Structures are given as C-alpha cells and as structure tokens.
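# Overview (structure and organization)
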Amino acid sequence: GDSVTQTEGPVTVSESESLIINCTYSATSIAYPNLFWYVRYPGEGLQLLLKVITAGQKGSSRGFEATYNKETTSFHLQKASVQESDSAVYYCALGLSSFSKLVFGQGTSLSVVP
Amino acid sequence: GPKVLQIPSHQIIDMGQMVTLNCDPVSNHLYFYWYKQILGQQMEFLVNFYNGKVMEKSKLFKDQFSVERPDGSYFTLKIQPTALEDSAVYFCASSFIQGATEVFFGKGTRLTVV
C-alpha cells in the first residue's frame, strides 16, 4: 500500500548545526505522487512547509529544502543551520488522489537547543 | 494566513453517546477533509467531502461516522454511537480546488471516550 516512513524522533540538535530528517515513501496507487513536508509548531495547527510535485525537483522554504528523488523514493528534509524557532514536529506526506488525500509519516519531533 | 477553526479543542464523552465535532473551514474553500490521529500513531485520512457528498473514505470511516455541511455552515463529523477506540485527535482540513497541492489544517479536536 501507500506509506511514508521518516526519522524516528525525538531529535535534538544544537542551534546553528545542520539537520536532516529522512523520509522514504511507497506509492502503489499512483506513479508520481505529490510530496510535502508539513510542520506543527507548539500550540499551532499543521501548516505546509514545502511541496514538490515533479520528480527530480527541489522545494525550499524558510531555509529548509527537500528533493523529490523517485529512484530512491526519498524526500529528505535538510537545513544547513537550524534555529531555536525551528523546534516543532515535522511530517512528510504523499498526495495521492485528485481529491488531495494525504498519507502522512509518523512525524519527527525536533528540539533545537541553544 | 488562512485558518481552519475547530470547536471544541477537547471533548470527553461517555461510550455509546453521540458526539459532533465542528469545523469552520477557510471561507472560499470547496473541499473538506477529516483525519484521525491516535496517540503515538500516524495521522490517517478518514474522508473527503465536496458539493454535499462524500467523495472518498477510508476503512477507518466506520458506519457510525457521518459528515455534513448544511447550508455552508460548519463542516461536521458525527460519531454515533461512540466507542473507546474512537479516542483520538481529529483534524479538519480544507482546500480550494480539486487536486490542490495545499491543504489547510485546523489544530484538531482531542476526543476522549470513557
């Protein structure tokens, strides 16, 4: 079936260090799913961080970036230098149907410490 | 940015009773969704709704579940009767167009069935 697996949390990183949160997917119901990273900051709702709808392309937002790799079925999230304000839970997701059904990973809780 | 509001944020209900979860979607959106997240597990798609009809539902969307949006008011998820396994956080979401690459989420309603 369709599924997403991401880095198991919690993850703790020091401020200004680099970050990578791994995401791999399996899409059996659609050849080229849309790929998303969503983020939930403390006390907030889930919000879109970045999206890529074309294989081979890179998406970026707020210093984060992720590349849609169809060969390795991966969509890893990276940031060169994290800040305390990046502390949140990050979710990788597939967009499957024409009605925007999303399949989520389990979420990765990130804490950035001074 | 656009907000999806969910009311209430937390609800406790006796097993076997009926519960209605309310969602106020983004004002010009046409597609509506419910997702369910059991503690410690992934957020999972329940149902999507457009033009007064359920377009797609998952196996989690049991016969005891129903959705509606009467006259452009709240988009609701009703569970009747509730069971212990319905305890979870329910997230409402909306999008403007079919196949939208951005779906907006609410903060969730935590339902506890006792």
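Above this text is the structure in question.
Cut-off values and rules
Here the residue index of a chain counts from 1 through its sequence in written order. All chains are assigned letters beginning at A, and all ligands numbers beginning at 1, according to the order in which they are written. With the structure being a predicted model, the display of local features is reserved for residues of pLDDT at least 70 and the display and counting of side-chain atom pairs for 80 or more, all residues being used for whole-chain, interface and lining totals. Note that water and hydrogens are dropped before the side-chain values are worked out from all heavy atoms of the structure. Two strands are counted as paired when DSSP detects at least two bridges linking them. Segments assigned H or I by DSSP are reported as helices when at least four residues long, segments assigned E as strands when at least two residues long, and all are numbered from the N terminus. Helix axes are fitted to C-alpha atoms over the stretch in contact, other axes to C-alpha atoms as well, and angles between N-to-C directions run from 0 to 180 degrees. Buried means the residue's accessible area, taken with a 1.4 Å probe over protein chains only, is under 20% of the maximum for its type, while exposed means over 50%, and partly exposed covers the values in between. Pairs of cysteine sulfur atoms within 2.5 Å are identified as disulfides in what follows. We call two residues contacting when some pair of their heavy atoms lies within 4.5 Å. Just to be clear on terms, a salt bridge is a Lys or Arg side-chain nitrogen sitting within 4 Å of an Asp or Glu carboxyl oxygen. Note on residue categories: nonpolar means Ala, Val, Leu, Ile, Met, Phe, Trp, Tyr, Cys or Pro, charged means Asp, Glu, Lys or Arg, and polar means any other residue, Gly included.

Here the focus is the sheet that holds strand 3 (residues 19-24) of chain B. Residues and elements named next belong to chain B. Taken together, four strands build an open sheet; the order of strands is 1-3-8-7 and the sheet is antiparallel. Unpaired on one side and paired on the other, strand 1 (5-7) and strand 7 (65-68) mark the two borders of the sheet. Averaged over all pairs of adjacent strands, the angle between their axes in this sheet comes to 20°, without regard to strand direction. Across five bridges, strand 3 lies against strand 8 (residues 75-79) in antiparallel orientation. Residue pairing for strand 8: T20 is matched across the bridge by K78.

Pairing between the strands of a sheet comes from backbone hydrogen bonds, and it takes one of two forms, parallel or antiparallel. All names here are of chain A. Overall, antiparallel pairing links the four strands, which are arranged 3-9-8-7 in an open sheet. Of all strands in the sheet, those bounded by a partner on one side alone are strand 3 (19-21) and strand 7 (58-61). Pairwise comparison of adjacent strand axes, ignoring direction, gives a mean angle of 20° for this sheet. Examined bridge by bridge, strand 7 and strand 8 (residues 64-67) share four bridges and lie antiparallel to one another. The residue bridging G59 from the neighbouring strand is A66, located in strand 8.

This next bit is on the pairing of strand 8 of chain A. Residue and element names in this part refer to chain A. Of the two faces of strand 8, only one is covered, namely that formed by F64 and A66; the face formed by E65 and T67 stays uncovered. Following strand 7, the chain reverses through two residues before pairing antiparallel with strand 8; R62 in that reversal takes a positive phi of roughly 55°. Bridge count for strand 8 against strand 9 (residues 77-79) is three bridges, and the pairing is antiparallel. When the bridges of strand 9 are listed, E65 appears paired with Q78.

The side chains of a regular strand alternate, residue by residue, between the two faces of the sheet. Residue and element names in this part refer to chain A. Taking every second residue as pointing to the same face, the buried face of strand 12 (residues 108-113) carries T108, L110 and V112, while none of S109, S111 and V113 on the other face is buried. Where strand 2 (residues 11-14) lies against strand 12, four bridges are found, and the strand directions are parallel. Across the sheet, the residue bridging to T12 is S111, located in strand 12. When strand 10 (residues 88-95) meets strand 12, the two strands line up antiparallel, connected through three bridges. Each residue of the ladder has a partner; that of Y90, found in strand 12, is T108.

All names here are of chain A. This model, assessed by the stated rule, comprises two disulfides over all chains. Shown here is the disulfide that connects C23 with C92, its sulfur atoms set 2.0 Å apart. Classification of the bridge connecting C23 and C92 rests on its S-S torsion, roughly -65°, and on that basis the disulfide is left-handed. With C23 in strand 4 (residues 23-26) and C92 in strand 10, the pair connects residues that are 69 residues apart, well separated along the chain. For the pair formed by C23 and C92, the shared burial category is buried.

Further remarks concern the interface of chain B and chain A. On the chain A side, the residues contacting the 23 residues of chain B number 22 residues. Linking E56 of chain B and K101 of chain A is a salt bridge whose minimum nitrogen-to-oxygen distance equals 4.0 Å. Those elements giving two or more residues to the side of chain B that touches chain A turn out to be strand 4 (31-37), strand 5 (43-50), strand 6 (53-57) and strand 9 (88-95) of chain B. Looking at which element gives the most residues to the side of chain B that touches chain A, the answer is strand 4 of chain B, with four residues. When its residues are assigned to classes, the side of chain B that touches chain A shows eleven nonpolar, eight polar and four charged.

Coordinates in, geometry out; function isn't part of it.
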